[in-house]
Amino acid sequence: MNLMRHEAASEFRRGPAGGAVNKKEICYRRRAMGLNLIRAGFPEVYGPICAYLVESPWAPYPPFPLVLLATPFESSSSRPRSQFLIAAPMAPPLPPHLLSRSSSFRSSSANPASLQKGRRRSMSSVPNAATAPAAAAAQLSMLRAHARAGRMRPAREVFDAMPAPGRTLVAWTALMSGYATHGPATEALELLLCMLGLLLRPDAFVFSVALRACAAVGSLRLGRQLHAAVAKLGYVGADLFVANGLVTMYSSCQSLRCAEKVFGGIAAPDLVSLTSMLSAYTENGCDAEALMLFIEMVRDGVACDAFTLSVALRAASSLGHVGLGHQLHCCMIKMGLVGNEFLDNCLIGFYGRSGELQQMRKVFDEMDVKDLVSWNTIIQSYAENLCDEEALAHFRAMMFECAECDEFTMGSILHVVTRRGTFDHGMEIHGYLIRAGLDSDKHVMSALMDMYANWATPHKRHLIFPLRMLKYYLSVQGELDQFIVASSLKSCASDLDLAAGRMLHACILKSNANPDSFVTSSLVDMYAKCGALEESNLLFSRTKNPGTAAWSAVISGNCLNGQYGRAMHLFRRMQGEHVQPNEFTYTAALTACMALGDAVSGMEIHSNSIRNGYGTNTSVLKSLVNFYLRQGQYHQALKLCLSLSNHEVSWGTFVEAFSQADDHAGIVNLFHVLQRCGVELDHHTARFILSSCGKLALLEEGLQAHAYMTKHGLASTACMNNHLIDMYSSCGSLRNAFDAFNYMPDKDASSWTSIIAANVENGCPETAIRLFSQMLTKEKCRPTSQAFLLVLKACAETGLVSEAFRFFVSMTEVYRIQPSEGHFSLMIEVLGRAGMFKEAEHFIDSVVPSESCASARSLLCAAKQNGNDETVKLAADKLARLVPGVC
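Cut-offs used in this document
Residues numbered from 1 in each chain as written. Predicted model: local features only at pLDDT ≥ 70, side-chain atom pairs only at ≥ 80, totals over all residues. Heavy atoms only, no water. Helix = DSSP H or I, 4+ residues; strand = E, 2+ residues; numbered from the N terminus. Buried < 20%, exposed > 50% of the residue type's maximum accessible area, 1.4 Å probe, protein only. Areas by Shrake-Rupley, 256 points an atom, 1.4 Å probe, with all protein chains shown as cover. UniProt positions renumbered as here; feature names shortened; annotations may be inferred. Axes fitted to C-alpha atoms, helices over the stretch in contact; angles between N-to-C directions. Parallel < 35°, antiparallel > 145°, perpendicular 65-115°, else oblique. Contact = heavy atoms within 4.5 Å. Nonpolar A, V, L, I, M, F, W, Y, C, P; charged D, E, K, R; others polar. Core = buried A, V, L, I, M, F, W, Y, C linked by side-chain atoms within 4.5 Å. Salt bridge = Lys/Arg side-chain N within 4 Å of Asp/Glu carboxyl O. Expected span 1.5 Å × (residues − 1). pLDDT = per-residue confidence, 0-100. Arc of directions from axis to C-beta. Left-handed = near helix turned anticlockwise from the far one by under 90°. Phe/Tyr/Trp six-rings, centres within 6.5 Å; stacked < 30°, edge-to-face > 60°. Lys NZ or Arg CZ within 6 Å of the ring centre and 35° of its normal.

For the chain, an unreviewed UniProt entry supplies the name Pentatricopeptide repeat-containing protein and the organism Urochloa decumbens.

A. View of the overall build of the chain. Assigned secondary structure in the chain consists of 51 helices and zero strands. In the chain, which comprises 887 residues, the share counted as buried stands at 48%. Approximately 42,600 Å² of the chain is accessible, and the part contributed by carbon and sulfur atoms is 54%.

B. A look at the UniProt feature "repeat: PPR" (unreviewed entry) in the chain. In this numbering, the UniProt entry assigns the feature "repeat: PPR" (unreviewed entry) to residues 270-304, 547-581 and 748-783. A distance of 9 Å separates the end C-alpha atoms of residues 547-581, which is 74% helix and 0% strand. As annotated, residues 748-783 comprises 72% helix and 0% strand, and the C-alpha atoms at either end are separated by 9 Å.

C. A look at the packing of helix α14 (residues 240-252) against helix α16 (residues 271-283). Contact pair α14 / α16: the axes reach a minimum separation of 9 Å and the direction vectors enclose 5°. Put simply, α14 runs roughly parallel to α16. Along the contact surface, α14 presents Leu 240, Asn 244, Val 247, Thr 248 and Ser 251, while α16 presents Val 272, Ser 273, Ser 276, Met 277, Ser 279, Ala 280 and Glu 283. A class-by-class count of the residues in the contact of α14 with α16 yields five nonpolar, six polar and one charged.

D. Structural detail: the nonpolar core. By size, the foremost hydrophobic cluster in this structure holds 122 residues, and its most contacted members are Met 526, Phe 654 and Met 709. In terms of residue count, the dominant contributor to this core is helix α46 (residues 785-798) (eight residues). With residues up to four places along the chain from it excluded, the contact list for Met 526 reads Leu 489, Cys 492, Ala 493, Leu 498, Gly 501 and Arg 502.

E. Region of interest: unusual backbone geometry. For Gln 254, which is not glycine, the phi torsion reads 60° and is therefore positive. Positionally, Gln 254 belongs in the loop between α14 and α15 (256-264). Classification of Gln 254 by relative accessible area gives exposed; the value is 67%. The backbone of Asn 545 sits at a positive phi, close to 50°, despite the residue not being glycine. For Asn 545, the location among the structural elements is in the loop between α31 (533-541) and α32 (548-560).

F. Just the side chain of Asn 558, in detail. Tracing the backbone shows Asn 558 in helix α32. Here Asn 558 falls in the buried class, since its relative accessible area comes to 0%. Contacts of Asn 558, omitting those with residues within four sequence positions, involve Leu 533, Asn 537, Gln 563, Tyr 564, Arg 566, Ala 567 and Leu 570.

G. Structural context of the pattern of salt bridges. Scanning all chains against the criterion turns up twelve salt bridges. For Asp 160, the salt bridge identified is with Arg 156, shortest N-O distance 3.4 Å. Placement of both Asp 160 and Arg 156 in helix α9 (residues 152-161) is noted, with a separation of four residues, approximately one turn of the helix. On the basis of relative accessible area, Asp 160 is assigned to the partly exposed category, the value being 44%. Members of the salt-bridge network, linked through shared partners, are Arg 156, Asp 160 and Glu 187.

H. Layout of α46. Taking 1.5 Å of rise per residue, 14 residues should cover 20 Å, and α46 covers 20 Å from first to last C-alpha, within 8% of that figure. Of all the positions in α46, only Ala 787, Phe 788, Leu 790, Val 791, Leu 792, Ala 794, Cys 795 and Ala 796 are classed as buried. Of the surrounding elements, those touching the buried residues of α46 are α44 (749-761), α45 (765-777), α47 (801-814) and α48 (821-833). Just past α46, the residue Gly 799 takes up positive phi, approximately 75°.

I. Structural view of the environment of Ile 555. Position of Ile 555 relative to the elements: it lies in helix α32. For Ile 555, a relative accessible area of 0% corresponds to the buried category. Not counting the four nearest positions on each side in its chain, Ile 555 is found in contact with Ala 567, Leu 570, Phe 571, Met 574, Thr 585, Ala 588 and Ala 589.

J. Spatial organisation of the confidence of the model for the chain. Confidence in the prediction for the chain averages 76 pLDDT; 76% of positions are at 70 or higher. In the predicted structure, residues 1-130 sits below a pLDDT of 50 and forms 168 contacts with residues beyond four places in sequence or in another chain. In the predicted structure, residues 882-887 sits below a pLDDT of 50 and forms nine contacts with residues beyond four places in sequence or in another chain.

K. Broad picture of helix α19 (residues 322-335). Over its 14 residues, α19 runs 20 Å from end to end, which matches the ideal 20 Å to within 8%, given 1.5 Å per residue. For α19, the full list of buried residues reads Leu 324, Gly 325, Leu 328, His 329 and Met 332. Here the buried residues of α19 occupy an arc of 145° about the axis, which is enough to place them on one side. Exposed residues pointing more than 90 degrees away from the buried face of α19 are listed as Gln 327, Cys 330, Ile 333 and Lys 334. Contact partners of the buried residues in α19: α17 (287-299), α18 (306-319), α20 (341-354) and α21 (357-365). Count one or two residues on from α19 and you reach Gly 336, which has phi positive near 75°.

L. The packing of helix α10 (residues 169-182) against helix α11 (residues 185-197), seen in detail. Running from N to C, α10 and α11 cross one another at 155°; their axes reach a closest spacing of 7 Å. Looking at the two axes, α10 sits roughly antiparallel to α11. The crossing of α10 and α11 is left-handed. Contact with α10, carried on its side by Leu 169, Trp 172, Leu 175, Met 176, Tyr 179 and Ala 180, involves Ala 185, Glu 187, Ala 188, Leu 191, Leu 192, Cys 194 and Met 195 of α11 and no other residues of that element. Class assignment of the residues belonging to the contact of α10 with α11 gives a composition of twelve nonpolar, no polar and one charged.

M. Region of the structure containing the packing of aromatic side chains. The tally for this structure, following the rule as stated, stands at 14 aromatic pairs. With centroids separated by 4.7 Å and ring planes inclined at 75°, the aromatic side chains of Phe 540 and Trp 551 adopt a geometry described as edge-to-face. Separated by eleven residues along the polypeptide, Phe 540 in helix α31 and Trp 551 in helix α32 bring together distant segments of the chain. As far as the burial class goes, Phe 540 and Trp 551 line up, both buried. Their ring planes at 65° and their centres at 5.2 Å tell us that Phe 627 and Tyr 628 sit as a pair that is edge-to-face. You can call Phe 627 buried: its relative accessible area is 0%. Ring pairs connect the aromatic residues Phe 772, Phe 788, Phe 807 and Tyr 815, which therefore count as one cluster. When the ring centre of Phe 688 is taken as reference, the NZ or CZ atom of Arg 687 above it lies at 4.7 Å. Taking the ring centre of Phe 741 as reference, the NZ or CZ of Lys 747 above it sits at 5.2 Å.

Here you go:
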């Protein structure tokens, strides 16, 4: 009976004349085998199989039936035979070319005598009992060797050649493990199906291999069914192999919460369990949780291995925790793992991503053995940190020492060549790629096409070259690759080469290839960026079920071409069709809101981005900050900026925005935020902060700002010191203003003007006059018009008429400064305060221009203060003539 089941299973796997069969034939054979074995008396095994095959008849790997995993181990004695015959669907008739292969099934099921003959024929082929164990052991050893080495075709041939008694659970498991490790993983799942059909009871290791295969194919539904089966058999809590396999499966299927539940149910997790959960966190972007679990492991005294430390390093790198990376490096040294090539490569990658290139170079130089991964990691790290010279130097050293490279090396070095514009080296690398056989790799080819596209941009006669490269790729690869086409379209969009883009579009249509979402979105983006907006919109309208990338491309394209209203209409349509936006969609929609001045829609987009998980996305936050700044909601924009890193925020823009709104308190509060964040300001931003402190008379904040600028080297310029003097003057601290003035190494006319103004504004006119005279005589600085205004004002306050006239005459005669209405007004004020009204009238008639009304106002004010009615009447009449209706 077992041999008959084995023959049926073998019939299920084989095709006509031992060759391969197509999927349709396989499904016919599955159904025929299930029906005949039900008739032969084995409904509990193949009844669920037939139901499973009818459910998805043409899928190459249909959903795995949960009932199949439990049914073979249940007793069928309590259920009538008719129950299975009703539940099992009838198989459809086989095609004519398969009737000869399935005739034995029909005869066996129709005639019991023929079934007995078939059994006797099968028993006669059983090998001798004395030689069977040795042959089976040899075959099993060979099967294991092939499966471990990844030679799955020879391993399958050995497995198929094994007699039915020799196919023990160990043999099935060895072949399944090979498929799960080296692929295709779907074959491992098919083997599990056949095992269950032959009534072989899988153990925990078989289920762990099946879970690993399920993780490789990424089928969450199948994984959950396997989970239910192992839970029913009691393997989940009792066997760590199964529990670890479940954690890995749920992690690979992006179901992190289920992985956490499985991990939480493990009573005593071992190092493999902990490492599996660490990997689950890092693979799903939860690096902070991974580090927390790693810290708990260290606190509990769990001895970490190389893989655990590598996962912790990856999490620390993703979060930018350089200090933790240093601690992990020290831990490796303490544990004696520094010579481990795997960990050394991880350290090189960590330091490269963290920007610590000297430490990265030190780890690389201290490696005893450098493999290809080590060279690729350091070259890629230098390339990503824009250290092109070092990347090229290490590439030359690698070629000298190893004399070989792979597609990862070529991809990194081609990006460096493209950035540097050294296309002669790029053509040499292209020649090497052809000799090494790497020109068929799509990633290398994409980088090569990007290099030639950038080379063609300054040489307009070579713009057609990317199309030639695409033709060359087709001649090598034989088929159109969507990734290469998308890269070529992006190149056309960046070069605004509409003709080349249309030719690429024609190639796509001619190849009869169904373009994927990335190619479609690249086409829409290319037409929009090249100015063919109507073609972009038409192509989008003809796209069936456009995805997020296509929606984002068409919305961005309309914004780029100034069609903001249409962009917002498309965004609302996208929401109505329940398509999930991404950061590019939100950025384009916010740009349209800013252009349209639509504050309500912008705030709705803000709320929508938070609901969809993009509330902390950097691109979206930057667009929201600009939107709220444009709307004048500076405090809301500042609140969003606190979620960004310092180098991603234009703090100077914030300060200017607050200054334009005359919100000096907001500027001072922003300064406190910048101090806490450790932001380095520029001179322009610091000037606004000093001005706000002065206008609010906040001496304490002004002192803090002065200390901050001194610490960061901003107080060394004369311009900044002038603003410091003005700030201290506005705060009423003349002593601090003098300190700032005295510490100036080079004092120019504006510096003297600032300290003179400080003395005038703080009630020290005599000191102001003395400083002005010192500036003229000792320092020999050329005074400005503003300096003369200040000294004349000081003379008016002290009643020094002769000094005022001396300064006024020197201004006009010596320094050739044309007097303004302010100067005339102050001279009248000097004379008026001294009671010299006749002289003031004479000065107005002889010196002041007839159209100037400032002097008449000054005379009127001075006469009123001194009670001189005659002069008041005279000044009022003159002012009435100059400005009718004033008096």
